[in-house]
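Breakdown of the fold
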Amino acid sequence: MKLTRIFQNISIAVIITALGLTSCDYLDVVPPEQPNIDDAMSSPTRALGFLYSCYGGVSTDLPSAYLGEINSTTDEYVLPYSWNTDGYWGAYAFNTASSTNQDWLWGTTYQYIGQCYLFLQKLENAGSDIASDAEKEQWRAECQFLVAYYHFATLRRYGPIPITDSYIPMDTPTSEYNGRFHFDYCVDWIANQLDEAAKVLPANRTVTNEWGRATSTIAKAVKARLLLYAASPLWNGSFPYPNWQNENFETPGYGKALVSNTYDKSKWERALAACQEALTLATTSGDRELYDDDEYYSRQSLNLPFVPGVADVEDNKEFLKNVMKMRYAVSTRESEGNKEIIWGLSNQFDFYSRYPLRILKKSDGTWHAGYSGVSPTLYTFEHFYTANGKLPEKDLDFTPSSEWFESAGISSREDIIKLNVGREPRFYAWMAFDGGDYGTKFAAGSPLKLEMRNSEMHGYNPSLFNRDHSVTGFLTQKFVDPVTEFYTAGGSTSGTSAPTILFRLAELYLNVAECHAALGNTQEAIDALNPVRERAGIPKLTLADITNNMTIKDWVHNERFVELWNEGHRFFDVRRWAEGAKYFGANKREGLNAEVQSPTFEEFNKRTTVDAPYVWENRMYLNPVFYNEVYKNPQMVQAPGY
């Protein structure tokens, strides 16, 4: 097989950093004194550190990074337009990305692919004093998994990519570089690597300091997502550039073609088999289960939350407990009883991006304060369900849309609008709005009541808060640990710092449901959706809920939107469905009239298009490849439109 050039510049610094590791949690890397690459296999501890360094690239493409384009360019939330130069998200939101200004994920993933192969090369010469034969077999499988994962992470952003199956020497001539392989070929190769790794990897890891390392459950979950993406319209007959192909490179069995332009039902059948296999493994030997602990809040000595229109009386406790359960479903660790996470990262993102502007005045007169920039859209608020488990606009028992922005008339909470009353538990667990509460003990032991119109507290005030504000008038508290608390004396506590979620069990149910829906298996799709809905505290779907106005595909897509909100899926889901213009186009993102200083209730609570130049063009389905890769590699072709 020919080669591709980007693996040449292996980050020796990353490897050297890892050589100082002792036996520790995943990716807890400590800089050593002055080791070099020759020290990589000089002891069992350093060999393990070298292996850990191979995982380093996983954190490059975090789904929760608020300035990353995976989240900040979707219709889940928007950021202040003045932040558009912070990071690369603006380039992908406003279609200014080019081959010279993109964020170069490509180079990072291939660097770590090369690092994995370098590790395997060094491992071959390591003696039994460094690792036993059994350990070596496991380490090889971990690297095989990582190579497959890095290829997948690149494939989902760039489409057809070069494949490498060995370490690339720096003196490799350009004639040996790989071009892009046909998308289906890439999928088959990655899936095979994941299957081979899964044969060796354990289904679960019970040793604490092995948490986050590869398992067969993780490998099958990655394969399930890979094949789900491959069966989706973008790669199954609806790619908008049917004539895009290689010029100087051919894929075995495919010639110069890069994408298949005809629909193939068997791709959905293959995806269903993989998704079901992953779900079955996860719920058996993988020891995964949907988080369903509705009493954890009480063991944390917390009160049940305020929910507008839901009194804290015995008949409503189940609903209120479901709100707390869903907060903890995404903010607790396995050591706290959460077995839903299949794969996660120990490093956390910056919560201050989503915290309200003024949280608590400290005793020295200064404020605990957030940036308040992560601003959920009206689309988000309109597509979480009602308490009846239906879309607000389609629930005949819910407030008519003509009244959504009127006050709900709740005593001492008159700022709460009718749209925000009578909603499902996940809505109150993860969203935040004017007149509602943020957190459980957020401000010195009490919830923080939001004042989104008050320009001295949480509202728009550029002279006081500079660029920081909510664009839409809404905030989110998803991932925020309910024990998070700020103190008047200064300082705060934020709980146990739950992992960043890469894969969790709910996704596998939703993957199975989507495959069944695509194949016309309506009842089977409903059966796969209902465990997720029941856990969230909303009614089961039935065949009677499936109508021309809300098809099974609509239900599946919306359930993914709600359950996986802000977990990095929407960016890829809309693209693989080939619906970029429908959801991400100009004037699609709306909020309340929040970018006004001290507005009246009526001024604030009206539907407003976000004032930013969001746009969609079909070239945005793929990321551009850095121009130097195309220039130096005679086999490489650029993504269409760049």
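Reading the values: the criteria
Residues numbered from 1 in each chain as written. Predicted model: local features only at pLDDT ≥ 70, side-chain atom pairs only at ≥ 80, totals over all residues. Heavy atoms only, no water. Helix = DSSP H or I, 4+ residues; strand = E, 2+ residues; numbered from the N terminus. Contact = heavy atoms within 4.5 Å. Areas by Shrake-Rupley, 256 points an atom, 1.4 Å probe, with all protein chains shown as cover. Polar contact = N/O pair within 3.5 Å; in protein donor to acceptor, adjacent residues only side chain to side chain. Salt bridge = Lys/Arg side-chain N within 4 Å of Asp/Glu carboxyl O. Buried < 20%, exposed > 50% of the residue type's maximum accessible area, 1.4 Å probe, protein only. Expected span 1.5 Å × (residues − 1). 1 Å grid on protein atoms, 1.4 Å probe; cavity = no way out; pocket = protein on both sides within 12 Å on 5 of 7 lines; lining within 4 Å. Points joined across faces, edges and corners; volume = space filled by probe spheres on them. Nonpolar A, V, L, I, M, F, W, Y, C, P; charged D, E, K, R; others polar. Disulfide = S-S within 2.5 Å. UniProt positions renumbered as here; feature names shortened; annotations may be inferred. Phe/Tyr/Trp six-rings, centres within 6.5 Å; stacked < 30°, edge-to-face > 60°. Lys NZ or Arg CZ within 6 Å of the ring centre and 35° of its normal. Domains from an automatic or database assignment. Buried area = accessible area lost by both parts, 1.4 Å probe.

A word on the overall build of the chain
A tally of helices and strands in the chain yields 21 helices and 14 strands. Projecting the C-alpha coordinates of the chain onto the three principal axes gives extents of approximately 75 × 55 × 50 Å. Sequence separation of 24 or more characterises 71% of the internal contacts of the chain that already satisfy a separation of 6 or more. Taken as a whole, the chain presents about 23,200 Å² of accessible surface, with 46% of it coming from carbon and sulfur.

Re the side chain of Thr476
Among the structural elements, Thr476 can be located in strand S9 (residues 475–476). In terms of polar contacts, Thr476 uses its side chain to reach the backbone amide nitrogen of Lys478, at 3.1 Å. What Thr476 contacts, discounting residues up to four positions off in sequence, is Arg354, Val374, Pro376, Trp430, Met431, Ala432, Tyr438 and Trp565.

Focus on the pattern of salt bridges
Counted according to the given criterion, the structure contains 43 salt bridges. Residue Asp75 pairs with Arg570 through a salt bridge whose shortest N-O separation is 2.9 Å. With Asp75 in the loop between helix H3 (69–72) and strand S1 (77–78) and Arg570 in helix H18 (residues 570–576), this residue pair connects regions lying 495 residues apart in the sequence. The two residues Asp75 and Arg570 agree in class, both being buried. When the shortest N-O distance is used, the salt bridge between Arg560 and Glu514 registers 3.9 Å. In this pair, Arg560 sits in helix H17 (residues 552–563) while Glu514 sits in helix H15 (residues 505–518), placing the two residues 46 residues apart along the sequence. As far as the burial class goes, Arg560 and Glu514 line up, both buried. Beyond isolated ion pairs, a larger network of salt bridges with shared partners links Glu340, Glu424, Arg426, Lys478, Arg504, Arg533, Arg535, Glu559, Glu563 and Glu567.

With respect to helix H9 (residues 265–283)
The first and last C-alpha atoms of H9 sit 27 Å apart over 19 residues, in line with the 27 Å expected at 1.5 Å per residue. Every buried residue belonging to H9 is among Lys267, Trp268, Ala271, Leu272, Ala274, Cys275, Ala278, Leu279, Leu281 and Ala282, and all of these are buried. Looking at the packing, one finds that the buried side of H9 touches helix H7 (183–198), helix H8 (216–231), strand S2 (341–345) and H15.

Details of empty space enclosed by the protein
Left-over empty space is what a probe sized like a water molecule reveals as it rolls over the atoms. On inspection of all chains with the given rule, the structure shows 9 cavities of 30 Å³ or more. Taken as a whole, the largest cavity holds about 150 Å³ of empty space. As for the largest cavity, its lining consists of 16 residues, of which Asn204, Trp211, Thr215, Ile218 and Ile342 are closest to the centre. Elements with a contribution of two residues or more to the lining of the largest cavity: H8 and S2. If one sorts the elements of the lining of the largest cavity by residue count, S2 sits on top with 4 residues. Here the residues of the lining of the largest cavity sort into 6 nonpolar, 6 polar and 4 charged.

So, the layout of surface pockets
Size it by volume and the largest pocket reaches roughly 520 Å³. Along the walls of the largest pocket sit 24 residues, with Tyr379, His383, Asn558, Lys582 and Tyr583 positioned nearest its centre. Of all the elements in the fold, those that place two or more residues in the lining of the largest pocket are helix H12 (378–383), H17 and helix H19 (580–584). Across the lining of the largest pocket, the residue classes tally to 7 nonpolar, 4 polar and 13 charged.

Here we look at the state of the cysteines
A covalent bond between the sulfur atoms of two cysteines is what we call a disulfide. The tally for this structure, following the rule as stated, stands at 0 disulfides. Cysteine Cys186 is unpaired, with the sulfur of Cys116 as its nearest cysteine sulfur at 18 Å. Overall, Cys186 belongs to the buried group, its relative accessible area being 0%. Unpaired in this structure, Cys275 has its nearest cysteine sulfur neighbour in Cys515, at a distance of 4.0 Å. Given the relative accessible area of 0%, Cys275 is considered buried.

Digging into helix H5 (residues 105–124)
With 20 residues, H5 extends 29 Å between its outermost C-alpha atoms, agreeing within 8% with the 28 Å of an ideal straight helix rising 1.5 Å per residue. Among the 20 residues of H5, 17 are classified as buried, and the element is accordingly described as predominantly covered.

Examining the UniProt feature "binding site: Ca(2+)" (unreviewed entry) in the chain
Mapped onto this structure's residue numbering, the UniProt feature "binding site: Ca(2+)" (unreviewed entry) falls at Ser331, Asp481 and Thr496. These residues run over 166 residues, yet every pair of their C-alpha atoms falls within 8.4 Å of each other. Residue placement: Asp481 occurs in the loop between S9 and strand S10 (485–486). Its relative accessible area of 7% is what places Asp481 among the buried residues. Discounting residues that sit within four places of it in the chain, Asp481 has contacts with Tyr328, Ser331, Ser494, Gly495 and Thr496. For Thr496, the location among the structural elements is in the loop between strand S11 (492–493) and strand S12 (500–504). Ignoring any residue separated from it by four or fewer positions in sequence, one finds Thr496 in contact with Ser331, Arg333, Glu336 and Asp481.

Digging into the packing of aromatic side chains
Within this structure, the stated rule accounts for 50 aromatic pairs. With a centroid separation of 6.3 Å and 85° between ring planes, the pair formed by Phe384 and Trp430 is classed as edge-to-face. Placement of the pair is Phe384 in the loop between H12 and helix H13 (425–430) and Trp430 in helix H13, with a sequence separation of 46 residues. Take Phe384: its relative accessible area is 0%, and that puts it in the buried class. The exposure class assigned to Trp430 is buried, which follows from its relative accessible area of 0%. Of note, Arg413 hangs over the ring of Phe306, and the distance from its end group to the ring centre comes to 3.9 Å. In this structure, Arg533 packs its charged tip against the face of Tyr385, placed 5.2 Å from the ring centre.

What to know about the domain arrangement of the chain
In terms of domain boundaries, the chain breaks down into domain 1 (39–287 + 623–632) and domain 2 (297–501). Computed from C-alpha coordinates alone, the two centres of domain 1 and domain 2 are separated by 34 Å. With 24 residues of domain 1 at the interface, the matching set in domain 2 holds 28 residues. Between domain 1 and domain 2 the total buried area reaches about 2,300 Å² when both faces are included, carbon and sulfur atoms providing 66% of it. Our count for the contact surface shared by domain 1 and domain 2 stands at 8 residue pairs in polar contact (both at pLDDT 80 or more). Where the side of domain 1 that touches domain 2 is concerned, the elements lending two or more residues are S1, helix H6 (133–158) and H8. At 3 residues, H8 tops the list of elements feeding residues into the side of domain 1 that touches domain 2. Looking at the side of domain 1 that touches domain 2 residue by residue, the classes come out as 15 nonpolar, 5 polar and 4 charged.

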